[in-house]
Amino acid sequence: ESKTVVLDGDGDGIIDENCPPAEVLPPLSFSVEGEGFCATEADFGSTSQVAKAGFEIVFEEELEGNESFSYVLSGNGGEGEFEVLNQGLIAYGADGEVIDGVELIDGTQSYDEEENTYSGGLLIKTGVARVLLGASWEKTNGDLTGDESVTLTLIQENGLNPVSESKTVVLDGDGDGIIDEN
């Protein structure tokens, strides 16, 4: 079945009287912070260079119910290939204690090779106040230069108006040429 809606449905010449109320964007109730990015030793026998990036997702108040979020983790290797080796998540309650409060949503993880982005869904559970996300990245051709970067974007779906927050960390974030200090 279909229904036609006419802009001036009552024919009185006033066209804005039938508009639905403006949807107010929900306030952003979380922030994403870069927790560091540094060069590390590669696994024994590997000739690749590895860097570890960390992010912290902080909620204004601990969650009162389970909430789903989408995330995009993007790596930029500067002049070379930069691929994620592994990633991990740790959830904390308001008291600072580690809790079983975050998991990847099965079937949502994907990799876009052209854009070098990893995306998926996170289920963050009741009682979580913050989440740490860490990822190890491997530069497979060439040396780490300090120009490499990783960006985390976290998206909270709220009907028609999703809210998101992004943070980028750069290997040599302060530009001093020392890449193992951050």
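Rules behind the numbers
- By convention here, each chain's residues receive numbers from 1 onward along its written sequence.
- The model is predicted, so local features are restricted to residues of pLDDT at least 70 and side-chain atom pairs to those at 80 or more, both for listing and for counting; the totals for chains, interfaces and linings are taken over all residues.
- Side-chain numbers here rest on the full set of heavy atoms in the structure, without hydrogens or water.
- By nonpolar core is meant a set of buried Ala, Val, Leu, Ile, Met, Phe, Trp, Tyr and Cys residues that side-chain atoms within 4.5 Å join together.
- For the exposure calls, accessible area comes from a 1.4 Å probe over protein chains only, and a residue counts as buried if that area is under 20% of its type's maximum, exposed if over 50%, partly exposed in between.
- Each helix is a run of H or I in the DSSP string that is no shorter than four residues. Each strand is a run of E no shorter than two, and both are numbered from the N terminus.
- Stacked, tilted and edge-to-face pairs are distinguished by plane angle, under 30 degrees for stacked and over 60 for edge-to-face with tilted covering the rest, among Phe, Tyr and Trp rings (Trp via its six-membered ring) whose centres lie within 6.5 Å.
- Under the rule applied, a polar contact is a pair of N or O atoms within 3.5 Å (in protein, one hydrogen donor and one hydrogen acceptor; residues adjacent in sequence only if both atoms are side-chain atoms).
- Here a salt bridge means any side-chain nitrogen of Lys or Arg lying within 4 Å of a carboxyl oxygen belonging to Asp or Glu.

1. Details of the nonpolar core
Turning to step 1, where the next piece is worked out: Core analysis: the largest hydrophobic core is formed by 31 residues, its most contacted members being F55, F59, L73, I124 and W137.
Turning to step 2, where the next piece is worked out: Secondary-structure elements contributing two or more residues to this core are β1 (30–40), β2 (49–59), β3 (67–76), β4 (82–93), β8 (117–124), β9 (128–139), β10 (149–156) and β11 (163–170).

2. Regarding the packing of aromatic side chains
Turning to step 1, where the next piece is worked out: The full count for this structure, using the stated rule, is 3 aromatic pairs.
Turning to step 2, where the next piece is worked out: On the basis of an interplanar angle of 75° and a centroid distance of 5.8 Å, the ring pair of Y118 and W137 is categorised as edge-to-face. Of the two residues, Y118 is situated in strand β8 and W137 in strand β9; the sequence distance between them amounts to 19 residues.
Turning to step 3, where the next piece is worked out: A residue is classified by how much of its surface remains accessible, and Y118, at 13% relative accessible area, is buried.
Turning to step 4, where the next piece is worked out: Taken together through their ring pairs, the aromatic side chains of Y111, Y118 and W137 make up a single cluster.

3. Quick word on the side chain of K139
Turning to step 1, where the next piece is worked out: Its location among the elements puts K139 in strand β9.
Turning to step 2, where the next piece is worked out: With relative accessibility at 2%, the residue K139 sits in the buried group.
Turning to step 3, where the next piece is worked out: Within the local environment of K139, its side chain forms a polar contact with the side chain of E148, the two groups lying 2.6 Å apart.

4. Examining the pattern of salt bridges
Turning to step 1, where the next piece is worked out: The tally for this structure, following the rule as stated, stands at 3 salt bridges.
Turning to step 2, where the next piece is worked out: A salt bridge links R130 to E56; the nearest nitrogen and oxygen atoms lie 2.8 Å apart. Remark: E56 occurs in strand β2 and R130 occurs in strand β9; sequence separation between them is 74 residues.
Turning to step 3, where the next piece is worked out: With relative accessibility at 25%, the residue R130 sits in the partly exposed group.
Turning to step 4, where the next piece is worked out: Measuring nitrogen to oxygen at the nearest pair gives 2.6 Å for the salt bridge that ties K139 to E148. Side by side, K139 and E148 carry an identical accessibility label, which is buried.

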